[in-house]
Amino acid sequence: MTLTNQLIQFLFTGLTVGSIYALVALGFSMIYSSTAIINLAQGEFVMLGGLIMVFFTMVLKIPMVFGFALTVIGVTLVGALFERLAIHPLKKASLITLIIITLAGSILFRGVAMFLWGKDPYALPAFSGRSPVQFWGATIQYQIFWILGITVLVVFAIWFFFNRTLMGKAMAACAFNPLAARLVGINVRKMVLFSFGLSAAFGAIAGAIITPITLMEYDRGPLLALKGFAAAVLGGLGSGAGSIVAGFIIGILESLGAGLISSGYKDAIALVVLLIILWVKPSGLFGSAEESELKKF
Amino acid sequence: MSEEALRVQGLQKSFGGLRAIDSLDFIVAEQQIKSIIGPNGAGKTTLFNLITGILPPTGGTFEFRGRPLSGLKPHEIARLGISRTFQNLQLFGNMTALENVMVGRHIRTAAGIFKAGLRFPGMRREEREIREKAMEELRFLGLENKALMNAASLPLREQKLLEIARALATQPKLLLLDEPAAGLNMRETEKLAEMILKIRQREITVMLVEHDMSLVMDISDEVLVLNYGKKIAEGLPRDIQRNREVIAAYLGEEADA
Amino acid sequence: MKRDDLYTLLCILIIVGLFPWLAGGNQYFISLLIFMGINGIIVMGLGMLMGYAGQISLGHAAFFGIGAYSSGILTAKYAFHPAQAFFIGVLLSAIIAFLVGKPTLRLKGHYMAVATLGFGEVLFIIFNELSPLTGGPSGLSGIPPLTLLGNPIEGTIYLYLVWGFLLLLLLFSLNVINSRVGRALRAIHGSELAANAMGVDASSYKLQVFILSATYASMAGSLYAHFVTFISPSSFSFMFSILLLMMVVVGGAETIWGSLLGAMLLTLLPEYLRGLEDFEVLAYGAILMVVLLFMPQGILEGVRNLFSGKIRVGVL
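As the structure is a prediction and not an experimental result, all values here were calculated from the model.

1. A short note on the overall build of chain B
Okay, step 1: The helix and strand inventory of chain B stands at 10 helices and 10 strands.
Okay, step 2: Here the C-alpha atoms of chain B give a radius of gyration of 19 Å, agreeing with the 18 Å that 2.2 N^0.38 yields for 257 residues.
Okay, step 3: For chain B, the spread of C-alpha atoms along the principal axes amounts to about 70 × 40 × 40 Å.
Okay, step 4: Residue burial in chain B is summarised as follows: out of 257 residues, 43% are buried.
Okay, step 5: Within chain B, contacts between residues at least 6 apart in sequence are counted, and of these 66% link residues at least 24 apart.

2. Side note on the overall build of chain C
Okay, step 1: Scanning chain C for helices and strands turns up 14 helices and two strands.
Okay, step 2: Relative to the 2.2 N^0.38 estimate, which gives 20 Å for 316 residues, the radius of gyration of chain C is 19 Å and therefore close to what a compact globule would have.
Okay, step 3: Taken over the C-alpha atoms alone, chain C extends approximately 55 × 45 × 40 Å along its principal axes.
Okay, step 4: Relative to its 316 residues, chain C shows a buried fraction of 56%.

3. Things to note about the interface of chain A and chain C
Okay, step 1: Contacts between chain A and chain C engage 36 residues on the former and 37 residues on the latter.
Okay, step 2: At the level of elements, helix H4 (95-117), helix H9 (221-235) and helix H11 (266-280) of chain A are the ones that each hand at least two residues to the side of chain A that touches chain C.
Okay, step 3: For the side of chain A that touches chain C, the leading source of residues is H4(A), giving 15 residues.
Okay, step 4: Looking at the side of chain A that touches chain C, its residues break down into 29 nonpolar, four polar and three charged.

4. Here's the deal with the nonpolar core
As a rule of thumb, nonpolar side chains are buried together in soluble globular proteins.
Okay, step 1: If you look at the biggest cluster of nonpolar residues, it comprises 281 residues, and the most contacted ones within it are Ala230(A) and Leu274(A).
Okay, step 2: Tallying contributions element by element places helix H10 (residues 202-228) of chain C first for this core, with 16 residues.
Okay, step 3: There are two domains that each give this core at least three residues, and those are domain 1 (1-81 + 172-257) and domain 2 (94-171) of chain B.
Okay, step 4: When residues no more than four places from it in sequence are discounted, the contact partners of Ala230(A) are Ile250(A), Ala270(A), Val273(A), Leu274(A) and Ile277(A).

5. Thoughts on the sheet that holds strand E10 (residues 230-235) of chain B
All names here are of chain B.
Okay, step 1: The strand order E6-E7-E8-E3-E9-E10 describes an open sheet built from six strands, whose pairing is mixed. On the outer flanks of this sheet lie strand E6 (82-84) and E10, each paired with one strand and no other. The sheet shows a mean angle of 20° between the axes of neighbouring strands, taken without regard to direction.

6. Overview of the packing of helix H2 (residues 27-52) of chain C against helix H7 (residues 155-177) of chain C
Residues and elements named next belong to chain C.
Okay, step 1: Orientation of H2 relative to H7, taken along the N-to-C sense of each, is 15°, at an axis distance of 9 Å. Accordingly, the angle class assigned to the pair H2 and H7 is roughly parallel. Between H2 and H7 lies a crossing of left-handed hand. Only Gly 155, Thr 156, Tyr 158, Leu 159, Val 162, Trp 163, Phe 165, Leu 166, Leu 169, Leu 170, Ser 173 and Ile 177 of H7 make contact with H2, whose side of the interface consists of Gln 27, Ile 30, Leu 33, Ile 34, Gly 37, Ile 38, Gly 40, Ile 41, Met 44, Met 48 and Tyr 52.

7. Re the confidence of the model for chain C
All names here are of chain C.
Okay, step 1: Here chain C averages 89 in pLDDT, while 95% of its residues score no lower than 70.
Okay, step 2: Mean pLDDT across the secondary structure elements of chain C bottoms out at helix H14 (residues 299-308), with 74, and peaks at H10, with 96.
Okay, step 3: Every residue in residues 311-316 scores below 50 in pLDDT, and together they form 16 contacts with partners more than four places removed in sequence or on other chains.

8. Here's the deal with the domain arrangement of chain B
Residue and element names in this part refer to chain B.
Okay, step 1: Splitting chain B by domain gives domain 1 (1-81 + 172-257) and domain 2 (94-171).
Okay, step 2: On the domain 2 side, the residues contacting the nine residues of domain 1 number nine residues.
Okay, step 3: Taken together, the elements giving at least two residues each to the side of domain 1 that touches domain 2 come down to helix H2 (74-80) and helix H7 (186-201).
Okay, step 4: Counted by class, the side of domain 1 that touches domain 2 contains six nonpolar, one polar and two charged residues.

9. A word on unusual backbone geometry
Okay, step 1: Of note in the backbone geometry, Glu179(B) takes a positive phi value of approximately 50° without being a glycine.
Okay, step 2: Position of Glu179(B) relative to the elements: it lies in the loop between strand E7 (174-178) and H7.
Okay, step 3: At Ala79(C), a position not held by glycine, the phi torsion is positive, near 55°.
Okay, step 4: Locating Ala79(C) in the fold gives a position in the loop between helix H3 (61-78) and helix H4 (82-104).
Okay, step 5: The class of Ala79(C) is exposed, set by 9 C-beta atoms lying within 10 Å.

10. A look at the interface of chain B and chain C
By a widely used convention, the size of an interface equals the accessible area lost when the partners come together.
Okay, step 1: Contact with chain B, which involves 31 residues of that partner, is made by 23 residues of chain C.
Okay, step 2: A per-class count over the side of chain B that touches chain C returns 14 nonpolar, 11 polar and six charged.

11. A few points about the sheet that holds strand E4 (residues 59-64) of chain B
Backbone-to-backbone hydrogen bonds join strands into a sheet, with any given pair of strands oriented parallel or antiparallel.
Residues and elements named next belong to chain B.
Okay, step 1: Strand order across the open sheet formed by four strands is E2-E1-E4-E5, with antiparallel pairing between neighbours. The outermost strands of the open sheet, each flanked by one partner alone, are strand E2 (18-29) and strand E5 (67-68).
Okay, step 2: Pairing between E4 and E5: two bridges, direction antiparallel. From the neighbouring strand, Phe 64 faces E5, where its bridge partner is Arg 67.
Okay, step 3: Across the sheet, helix H1 (residues 44-51) lies against strand E1 (4-15), E2 and E4, angled at about 65° from E2, the strand it touches most.

12. Topic: the packing of helix H8 (residues 180-190) of chain C against H10(C)
Residues and elements named next belong to chain C.
Okay, step 1: The interhelical angle for the contact between H8 and H10, taken along N-to-C directions, is 110°, at an axis separation of 10 Å. By the angle between their axes, H8 is roughly perpendicular relative to H10. Crossing of H8 against H10: the hand is left-handed. Across from Ala 184, Leu 185 and Ile 188 in H8, the residues of H10 making contact are Ala 202, Tyr 205, Lys 206 and Val 209.

13. Here's the deal with the pairing of strand E8 (residues 205-209) of chain B
All names here are of chain B.
Okay, step 1: For E8, a buried count of five out of five residues is recorded, marking the element as mostly surrounded by other parts of the structure.
Okay, step 2: Neither face of E8 is exposed, since Thr 205, Met 207 and Val 209 on one face and Val 206 and Leu 208 on the opposite face are all buried.
Okay, step 3: Pairing of strand E3 (residues 33-37) with E8, which is carried by four bridges, proceeds in the parallel orientation. Within E8, the residue paired with Lys 34 across the bridge is Met 207.
Okay, step 4: Bridge analysis of E7 against E8 gives five bridges, and the strand direction is parallel. Looking across to E8, one finds that Leu 174 is bridged to Thr 205.
Okay, step 5: In the classification by handedness, the crossover that spans E7, the intervening H7 and the parallel E8 is right-handed.

14. Concerning the environment of Leu154(B)
Okay, step 1: Considering the arrangement of structural elements, one finds Leu154(B) in the loop between helix H5 (121-140) and helix H6 (156-169).
Okay, step 2: Beyond its immediate chain neighbours, meaning those up to four positions away, Leu154(B) contacts Ala97(B), Lys146(B), Met149(B), Gln159(B) and Leu162(B).

15. Here's the deal with the pairing of strand E9 (residues 222-227) of chain B
Residue and element names in this part refer to chain B.
Okay, step 1: As paired elements, E3 and E9 share four bridges and run parallel to each other. Looking at E9, one finds that Ser 35 is bridged to Val 223.
Okay, step 2: Pairing of E9 with E10, which is carried by five bridges, proceeds in the antiparallel orientation. Of the residues in E10, the one forming a bridge with Val 223 is Gly 235.
Okay, step 3: In sequence, E9 turns back onto E10 through a hairpin of two residues, with Tyr 228 there showing a positive phi of about 50°.

Cut-offs applied
- Residues numbered from 1 in each chain as written.
- Chains lettered and ligands numbered in written order.
- Predicted model: local features only at pLDDT ≥ 70, side-chain atom pairs only at ≥ 80, totals over all residues.
- Helix = DSSP H or I, 4+ residues; strand = E, 2+ residues; numbered from the N terminus.
- Rg over C-alpha atoms; globule rule 2.2 N^0.38 Å.
- Buried ≥ 20, exposed ≤ 12 C-beta atoms within 10 Å, placed from the backbone.
- Contact = placed C-beta atoms within 7 Å.
- Nonpolar A, V, L, I, M, F, W, Y, C, P; charged D, E, K, R; others polar.
- Core = buried A, V, L, I, M, F, W, Y, C linked by C-beta atoms within 7 Å.
- Domains from an automatic or database assignment.
- Pairing = 2+ DSSP bridges.
- Axes fitted to C-alpha atoms, helices over the stretch in contact; angles between N-to-C directions.
- Parallel < 35°, antiparallel > 145°, perpendicular 65-115°, else oblique.
- Left-handed = near helix turned anticlockwise from the far one by under 90°.
- pLDDT = per-residue confidence, 0-100.
- Right-handed = clockwise from strand over helix to strand, strands pointing away.

Okay, structure coming up:
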């Protein structure tokens with residue numbers, strides 16, 4: 001394979017993982033926007049998405065379309081329950097306690113997953129198509145088109161939701177000023193619940209679409225969360241567009257790094273990006289420093 | 001002619017497009033009691049935050065006893081002899097009243113991690129002094145009986161006094177009090193006035209941000225009036241009381257000629 | 001030193017001193033207590049960082065690893081004297097803590113947590129990838145045990161060594177806590193704004209206590225390496241960082257005794273769960289959740305409050 005072919009290959013791999021990071025980053029941004037919390041259990045929503053889909057389609061043999069829908073609904077419920085039972089009661093607690101409770105949640109989810117599915121990785125068949133496709137000299141798995149397509153759909157749906165629907169605008173209002181939002185009649189509690197549910201949904205979608213390519217096991221969550229968070233910060237926490245762009249950037253960087261430099265340190269690439277961004281410009285590429293100073297944490 | 005404690009020249013602070021402080025000039029003389037008054041949002045607390053280094057100015061200079069202050073960090077400014085209380089109380093709620101005041105002694109003492117960890121004799125002596133000086137300040141404010149109580153459990157009036165005790169423990173030359181009378185009744189405010197006068201007797205210059213006009217007019221040597229970040233009047237209390245612009249600023253309408 | 005602290009210290013001294021005799025020389029119990037001591041050392045430092053200064057680190061396993069690998073590599077491969085390797089580990093940890101801490105401690109809450117998490121992960125990857133030096137995922141073996149007068153130190157003597165270290169560090173820590181430095185740290189936790197206004201250089205102190213806690217972890221790492229004589233990156237993963245965090249939180253971040261209690265309890269936990277491997281991670285998550293929701297100030301305070309009839313809404 002020539003260098004160009006290799007680069008195209010890496011590009012597609014990068015876009016693929018980048019989609020997942022973008023979706024995870026969106027989940028982070030969403031919850032952060034409405035609650036100023038960083039949900040450290042975000043990665044587990046992805047993991048659950050993958051494993052629950054495996055359960056529905058491989059064990060119960062439900063057709064993939066229904067399996068997908070059921071998975072997303074299921075994980076959304078998990079996210080909502082998590083908010084109700086663990087986040088909401090601790091509303092008044094200190095920042096550190098809130099961080100740790102989402103950490104506890106992630107450990108709990110991982111523990112349940114390990115209990116139910118064990119430590120082995122599980123596979124899913126591609127959503128459609130069988131053999132890989134040749135594209136500009138690179139071999140592309142068919143699933144990648146599904147991944148990119150669904151991601152684009154999700155992005156469009158989000159844009160539509162936040163900019164064109166009343167509920168979406170209400171959520172954005174809550175993020176900006178919960179007291180004012182409450183005063184104009186927006187039910188902040190519901191919004192917080194909704195944002196957790198929604199970001200769980202994103203995670204589930206990400207998990208379901210990536211499993212055919214990368215498989216899924218019980219402890220994939222933490223690293224995914226870290227990389228997704230790197231994307232969220234890079235794009236400016238709270239900025240949906242930023243999260244998506246940054247997700248792809250990190251995915252491509254990682255893929256190029258793994259292919260051209262070393263695959264052992266692959267995971268470290270996203271982490272180093274994370275550290276550099278946090279240390280140098282925590283407001284991200286597209287955020288303003290002043291604005292992030294004003295945002296409460 | 002007394003020396004200058006604080007000289008502010010052309011001070012500016014903007015937040016994006018909003019001018020919180022606009023071309024402010026004034027001087028505070030040594031051991032003066034100077035009050036800053038003005039309607040809500042006039043920039044009074046912002047001024048304190050600028051002087052104590054919490055916010056960086058957008059322009060202008062300010063000097064403390066001839067020493068320029070801009071660019072210095074809050075703890076460095078405290079070290080130079082400026083201390084303050086906060087409008088929204090910032091006590092250390094996780095510590096006792098005495099411990100709160102002991103923290104005030106921090107800048108006048110020196111033991112670091114190693115000296116403290118290994119309990120050098122110098123450190124032990126220092127600890128005794130810290131405790132004694134802190135108790136002195138508590139006594140000065142009448143709080144000695146509450147020394148071992150958790151700071152957060154004290155009633156509001158005592159919490160406010162505790163913040164003053166803590167600030168005094170730093171041995172300041174300039175003390176900034178941010179709305180010390182807020183939430184106090186008339187009797188308590190009178191006692192506060194006596195307290196501030198006693199503080200001045202300790203050769204400390206006092207700047208006061210206040211809404212309580214009786215307190216302001218009672219004890220101030222000079223009053224500075226801010227509105228929308230600009231100085232609209234400065235002078236003796238009785239002159240300020242009659243100043244038309246000041247009245248208009250507070251009432252929001254033209255005063256009668 | 002406060003009288004209560006002194007009594008507790010003496011109690012610990014007596015119990016540990018008598019333990020080998022109480023345990024009938026059972027090596028399993030003795031090693032358990034050694035591990036408790038090693039974890040206790042790390043957790044004292046972490047507890048000062050979290051409970052007193054109010055910061056958070058989700059990557060402390062990295063410093064534990066730095067100490068372990070420094071001692072391990074230098075003594076096993078380069079014939080350094082254990083004491084030299086020990087100090088090099090401490091120095092290395094301190095330098096890395098300084099470099100990482102300076103930009104990280106400036107960050108607020110969540111960002112700090114994730115930065116420390118990321119840092120821990122990066123180091124974990126490095127431990128795995130630098131195979132020629134660290135032995136990679138298969139680990140580093142052949143770490144020489146410590147010797148006294150030509151005889152290897154193990155079992156009971158090692159127990160006394162580890163706990164001797166712990167008690168010395170405990171004394172040091174208690175002195176720091178009950179000093180102007182300790183008050184400065186607690187002031188930073190109480191209100192960083194006011195602490196700065198009263199002349200406490202908050203950034204400097206946060207960094208100092210972070211470095212201190214890193215050196216504690218490094219020391220524990222060295223003691224660990226010479227005890228188990230074989231180390232692998234899996235002992236320095238982020239799960240261990242989380243376990244350390246849990247020890248502080250579950251025991252009670254507010255006092256150093258709470259953190260120590262947490263270390264004792266949670267070192268035992270993997271032993272209880274040994275048979276129920278499937279439940280291990282689940283149990284960790286469940287315990288952490290339950291403590292945070294119902295006894296957020298930790299078990300030590302929680303039990304104390306139960307006895308005095310107080311109920312507290314939790315703030316860490």
